[in-house]
Amino acid sequence: MPLQETQTDTIKIITVNLPRIDAAVAIQFKDAMREATENGPDQIVLDLSNVAFIDSSGLGAIVASKKQLPQDKRIDLAGLTPDVAKVFRLTRMDSVFRIYTHVSDLAPRAAG
Amino acid sequence: MSLIWRPVPLVKRRARRLDPPHTVVTSRPFPGFTLRFTGANSDVSPALQQAMSKLDTLGLAADWRSTVELVLAEALNNIAEHAYAGLTPGPVTLTARMTSERLHVILRDQGRALPGRKLPEGVPPKTDVACANLPEGGFGWFLIRDLTTALHYRRTDRENRLQLEFDLTNPPKSADS
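Here goes a summary of the coordinates provided. (Residues numbered from 1 in each chain as written. Chains lettered and ligands numbered in written order. Predicted model: local features only at pLDDT ≥ 70, side-chain atom pairs only at ≥ 80, totals over all residues. Heavy atoms only, no water.)

On to the interface of chain B and chain A. The interface of chain B with chain A comprises 30 residues on the first partner and 25 residues on the second. Between chain B and chain A lies a buried interface of about 2200 Å² when both sides are counted; carbon and sulfur atoms form 61% of it. Inspection of the region where chain B meets chain A yields three salt bridges. Here Arg20(A) makes a salt bridge to Glu69(B), at a shortest N to O gap of 2.8 Å. The interface formed by chain B and chain A holds nine residue pairs in polar contact (both at pLDDT 80 or more) in total. Counting residues per element, the ones that place at least two in the side of chain B that touches chain A are helix H1 (41-57), helix H2 (62-83) and helix H3 (140-147) of chain B. Per-element tally for the side of chain B that touches chain A: the top contributor is H2(B), with eight residues. For the side of chain B that touches chain A, the class distribution of residues is 15 nonpolar, eight polar and seven charged. (Contact = heavy atoms within 4.5 Å. Buried area = accessible area lost by both parts, 1.4 Å probe. Salt bridge = Lys/Arg side-chain N within 4 Å of Asp/Glu carboxyl O. Polar contact = N/O pair within 3.5 Å; in protein donor to acceptor, adjacent residues only side chain to side chain. Helix = DSSP H or I, 4+ residues; strand = E, 2+ residues; numbered from the N terminus. Nonpolar A, V, L, I, M, F, W, Y, C, P; charged D, E, K, R; others polar.)

Within H3(B), six of the eight residues are buried, which leaves the element mostly enclosed by the surrounding structure. Of the positions making up H3(B), those classed as buried are Gly140(B), Trp141(B), Phe142(B), Leu143(B), Ile144(B) and Leu147(B). Looking at the buried positions of H3(B), the neighbouring elements they touch are helix H2 (56-67) and helix H3 (82-90) of chain A together with H2, strand E5 (150-155) and strand E6 (160-167) of chain B. (Buried < 20%, exposed > 50% of the residue type's maximum accessible area, 1.4 Å probe, protein only.)

Ranked by size, the top nonpolar core spans 77 residues in total, and within it Leu46(A), Leu48(A), Ile62(A), Phe88(A), Leu55(B), Leu103(B) and Leu164(B) carry the most contacts. In terms of residues, this core owes the most to one element, H2(B), which gives eleven residues. Apart from the residues within four sequence positions on either side, Leu48(A) is in contact with Val16(A), Ile21(A), Ile62(A), Leu77(A), Ala78(A), Gly79(A), Leu80(A), Thr81(A) and Val84(A). Residues Ala78(A), Tyr100(A), Val103(A) and Leu106(A) belong to the second largest nonpolar core, which totals seven residues. (Core = buried A, V, L, I, M, F, W, Y, C linked by side-chain atoms within 4.5 Å.)

Moving on to the pattern of salt bridges. Within the structure shown, the criterion is met by ten salt bridges over all chains. Across the pair Glu136(B) and Lys30(A) runs a salt bridge, and its minimum N-O distance is 3.7 Å. Here Lys30(A) lies in helix H1 (residues 26-38) and Glu136(B) lies in the loop between strand E4 (102-109) and H3, a pairing that spans two chains. When salt bridges with common partners are traced through the structure, they connect Arg20(A), Asp22(A), Asp56(B), Arg65(B) and Glu69(B) into a single cluster.

What follows is about the sheet that holds strand E2 (residues 11-16) of chain A. Residues and elements named next belong to chain A. Here we have five strands laid out as an open sheet, ordered E1-E2-E4-E6-E7, and mixed in their pairing. Whereas interior strands pair on both sides, the edge strands pair on one side only; in this sheet they are strand E1 (3-7) and strand E7 (99-100). The pairing of strand E6 (residues 74-78) with E7 spans two bridges and is classified as parallel. In the sheet register, Leu77 faces E7, and the bridge partner there is Ile99. (Pairing = 2+ DSSP bridges.)

Within this structure, the stated rule accounts for two aromatic pairs over all chains. An angle of 80 degrees between the planes, with centres 6.0 Å apart, marks the rings of Phe88(A) and Phe97(A) as edge-to-face. In this pair, the class of Phe88(A) matches that of Phe97(A), namely buried. Ring plane angle 75 degrees and centroid distance 6.0 Å describe the contact between Trp64(B) and Phe166(B), whose orientation is recorded as edge-to-face. Remark: Phe166(B) occurs in strand E6 and Trp64(B) occurs in helix H2; sequence separation between them is 102 residues. Overall, Phe166(B) belongs to the buried group, its relative accessible area being 0%. When the ring centre of Phe53(A) is taken as reference, the NZ or CZ atom of Arg20(A) above it lies at 4.1 Å. Residue placement shows Lys66(A) over the ring face of Phe97(A); its charged tip is 5.4 Å from the ring centre. (Phe/Tyr/Trp six-rings, centres within 6.5 Å; stacked < 30°, edge-to-face > 60°. Lys NZ or Arg CZ within 6 Å of the ring centre and 35° of its normal.)

See the structure below:
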C-alpha cells in the first residue's frame, strides 16, 4: 500500500500515493493505516491530495482508520481534491474530521 | 501449392464468454453501449473504467462525470459484494443510453435479490455519534439515491434489474444544495 510517512516531533503526515481509494483497496488501506498510525506523534494528518476518486468503501476505510486509532491520537485530513471533498460533504463525514485545505497550511516543515 | 477448393469448415460458435468486458456499440434508438462482465470484485473496477471511457466518448459533461462514476461504482460494488456474495460471480450487464438531456444506465445481474425485493431506503449516515459508533458502511445506497434523478428496481425470476437515471440538463447535485 503506497502510504508515505513524513514526521516531525509533533505531527505525522501520511500521504496516500494512490489515484483511487475504492472497494478494490479499502481493506488493505485500512490495515496499512493501522500500521502507520500505531506509533509516533499523536497528531496524524492524512494527505489526500493525490487521490482523485473515493467511493463509499474508501470512505468507510478512512472512518475506520479514525476509529481504530490508539487513544490520545487524532487524525485530520488535508488536500481533498474536489470529487473526494464532495463525497465527504454528501455523507456529512466532513463534520467528523478536521479538514485542512493543504497539508502545508498545517506543517510547513513536515510537508517538504 | 494446392489450388483445390476446399469448403471452409463450419466452426461451431463458442459459447459467449463472460471474461473480460466486451462491448456492443449500438446507435439506435439512442447512442449507447452494453458491457458484459462478471460480478467478481476484480472485474467490476475495470468494467467501471471502461464504462466511464465509453461515456466520455458519448460526450458526458465533465461536471457530471464524477457523479456518474461514483453512483455506478456504488451500484457495481453492491452487486459484487452483496448480490453475488458467497456465490460464484455470475454475469453483469451494463447498458447505457445517453442523449443531451438524459443518461439511463441499466444494470442486470443474476445474484440474490435485494432484501425484501425492494430498494433499500438509503438513509443518511449518522455522524453526530461517538467516534466508536461512526458508520463505516451503508453510504452506498444513500449516495445512489441522493445523486440519481430516478431509480427503479425490478426482480424477475432470477434477475435483478436496476435502472439509474440522470437528468443532464441541470448540474449534478452539489453537496451544499
